[in-house]
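# Examination of the molecular architecture
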Amino acid sequence: MKRLIGLFLSIFICISAISFGAEVTTVTIWTPHDFDVRYKDKGVHETLWKPFEDEHPNIKIQWTRVPDWEQKFRIAAAAGQLPDIFAVDGINVPAYASRGLLEPLDRWVPKEIQKDYWRPALEEMTWNGKLYAVGLETNAHLLFYNTALFKNAGISKPPTSWAELVSIGQKLTQDFNGDGKIDQFGLSIPLGRDEYTMWILSAFIFANKGDIISPDGTKVVCNEPKAVEAVQFLSDLVNKYKIAPKAGQIQAGPEGAFIGQKVAMEYGGTFNLDPWQKYLKAVPWRVIFTPGATKGTRVSGVGGWNFAMWSGSKNKEAAGEVVKYLTSPYMVKTLASSYGIGLRMSVSKEMKQDSTYPWSVGIAQMKVGKPRPRHPEYPTITDAMQQAFDNAILGGMPPKQALDEAARRIDEVLKKK
């Protein structure tokens, strides 16, 4: 009888453990990314999250696409109502980490995995020697060119230096009907005050061996000779050589100047490759490395979005398991299938896409990539530099004067630290 009672008790304990010990934790994730569009065929949950849940039956993932990201994120952060995991632009990692919003991830992501990320991408995930984010997507710079327009102008090869960029751009800049207005420009670069302009144009400074702040973040260097030379070159592309149009100089329609075949070359990023390969059939385009300041040298800007954990999360252990999953080869490959480059080098080598043209050009650019300044005061730094680019290229201000003003503003915030 005692043995029978003992058997029933054992069964009861097992059933109780199954019934009451399997508490389910829901890990919430916010991103502005359109996973619902990119993975609509199979479904976001089925594609991205179900493989994890199958291996972790006690953890569920609830993903939300958040439009109007900047405003809603700020409101949620101020109210202390952020999700367990959220997307963060790499340029904001230092600022968010310094504000205490981000949980360090080193205990969930081993060093061997961290070192497997592309170097410039890893730089955007870290701050003060700690890992605060893991990759969602990243992008490098590319120079797109129209092969038909090159052929019409008798040009066989794209430029590999700034001097060639000018000479080839001049041949491609044409007033076909002789009315004194340019009908086709050689080159398109982003102008105006926004972060995309900063992402593209700051790399011209890097390519000329200049910088915006010193590597240790204590000194302003954006008004030193190499940086001034680079901004002067950008101004000359528009105002002296006249190979790049200002706003309103060319009527290209909503699709843009390059797609409208009104410019022959355009600076862009690897994010263009997937949609253009699929949908841009009317334009005969190819890509090449962004030209270096001198022949044989090149630097690419690099930047992208990452996943970070909220320091105030009540579900850190479960969220940490999700973070591990976000670094897995499966997730790296799946995200790269829509967003481009495989973020981990070993995974990228296994992907046929990354070893074939045009993706292989983007991979080569990652190897010479440099992110924008890493500093908690980046919002002020980028605003000052955007103003300097605008003043020097479109406002008629001498580049040195424009950069001196930017340096004054940046120096004020650096000295606060």
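Residues numbered from 1 in each chain as written. Predicted model: local features only at pLDDT ≥ 70, side-chain atom pairs only at ≥ 80, totals over all residues. Heavy atoms only, no water.

### Some thoughts on the environment of F35
Mapped onto the elements, F35 comes out in helix 2 (residues 35-38). Classification of F35 by relative accessible area gives buried; the value is 0%. Here F35 is in contact with K40, V44, L48, W49, W63, L136, F307, L335 and Y339, once residues within four sequence places are set aside. (Helix = DSSP H or I, 4+ residues; strand = E, 2+ residues; numbered from the N terminus. Buried < 20%, exposed > 50% of the residue type's maximum accessible area, 1.4 Å probe, protein only. Contact = heavy atoms within 4.5 Å.)

### A few points about the pairing of strand 6 (residues 134-146)
Within strand 6, 13 of the 13 residues are buried, leaving the element largely enclosed by the surrounding structure. In the sheet, strand 6 pairs with strand 10 (residues 300-309) via 6 bridges, with the strands oriented antiparallel. In the sheet register, N139 faces strand 10, and the bridge partner there is G303. With 5 bridges connecting them, strand 6 and strand 8 (residues 263-269) associate as antiparallel partners. Looking at strand 8, one finds that L143 is bridged to Y267. The pairing of strand 6 with strand 9 (residues 285-288) spans 4 bridges and is classified as antiparallel. Note that in strand 9 the partner of F144 across the bridge is V287. (Pairing = 2+ DSSP bridges.)

### Section: the nonpolar core
In this structure, F35, W49, F86, L102, V134, F307 and V322 are the most contacted members of the largest nonpolar core, which totals 62 residues. Tallying contributions element by element places helix 13 (residues 316-326) first for this core, with 6 residues. Ignoring sequence-local partners within four residues, the contact set of W49 consists of I29, F35, V44, I61, W63, Y325, L326 and M331. (Core = buried A, V, L, I, M, F, W, Y, C linked by side-chain atoms within 4.5 Å.)

### Side note on the layout of surface pockets
Taken as a whole, the largest pocket encloses approximately 480 Å³ of empty space. Around the largest pocket sit 21 residues that line it, and H33, E137, N139, F271 and W305 are the ones nearest its centre. Of all the elements in the fold, those that place two or more residues in the lining of the largest pocket are strand 6, helix 10 (195-207), helix 12 (273-279), strand 10 and helix 14 (329-339). (1 Å grid on protein atoms, 1.4 Å probe; cavity = no way out; pocket = protein on both sides within 12 Å on 5 of 7 lines; lining within 4 Å. Points joined across faces, edges and corners; volume = space filled by probe spheres on them.)

### Here's the deal with the packing of aromatic side chains
Considering all chains together, one arrives at 20 aromatic pairs under this definition. A ring pair is formed by F52 and Y325, whose centres lie 5.3 Å apart and whose planes are at 50 degrees; its orientation type is tilted. Residue F52 is located in helix 3 (residues 44-55), and its partner Y325 is located in helix 13; the two are separated by 273 residues in the primary sequence. Here the two residues F52 and Y325 agree in accessibility, since each one is buried. Measuring from ring centre to ring centre gives 5.9 Å for W199 and F271, while their planes differ by 40 degrees; the resulting arrangement is tilted. You can see W199 sitting in helix 10 and its partner F271 sitting in the loop between strand 8 and helix 12, a full 72 residues away along the chain. Here F271 falls in the partly exposed class, since its relative accessible area comes to 34%. (Phe/Tyr/Trp six-rings, centres within 6.5 Å; stacked < 30°, edge-to-face > 60°.)

### Side note on empty space enclosed by the protein
Under the counting rule described, the total for this entry stands at 3 cavities of 30 Å³ or more. Its volume calculated, the largest cavity comes out at about 60 Å³. Contributing to the lining of the largest cavity are H141, W162, I200, A203, F204, A207, Y267, T290, P291 and V299. Broken down by element, the residue count for the lining of the largest cavity peaks at 4 residues, all from helix 10. Along the walls of the second largest cavity sit G135, L136, E137, L326, M331, V332, L335, A336, Y339, G340, I341 and L343, which together make up its complete lining. When contributions to the lining of the second largest cavity are tallied by element, the ones reaching two or more residues are strand 6 and helix 14. If one sorts the elements of the lining of the second largest cavity by residue count, helix 14 sits on top with 5 residues. For the lining of the second largest cavity, the class distribution of residues is 9 nonpolar, 2 polar and 1 charged. (Nonpolar A, V, L, I, M, F, W, Y, C, P; charged D, E, K, R; others polar.)

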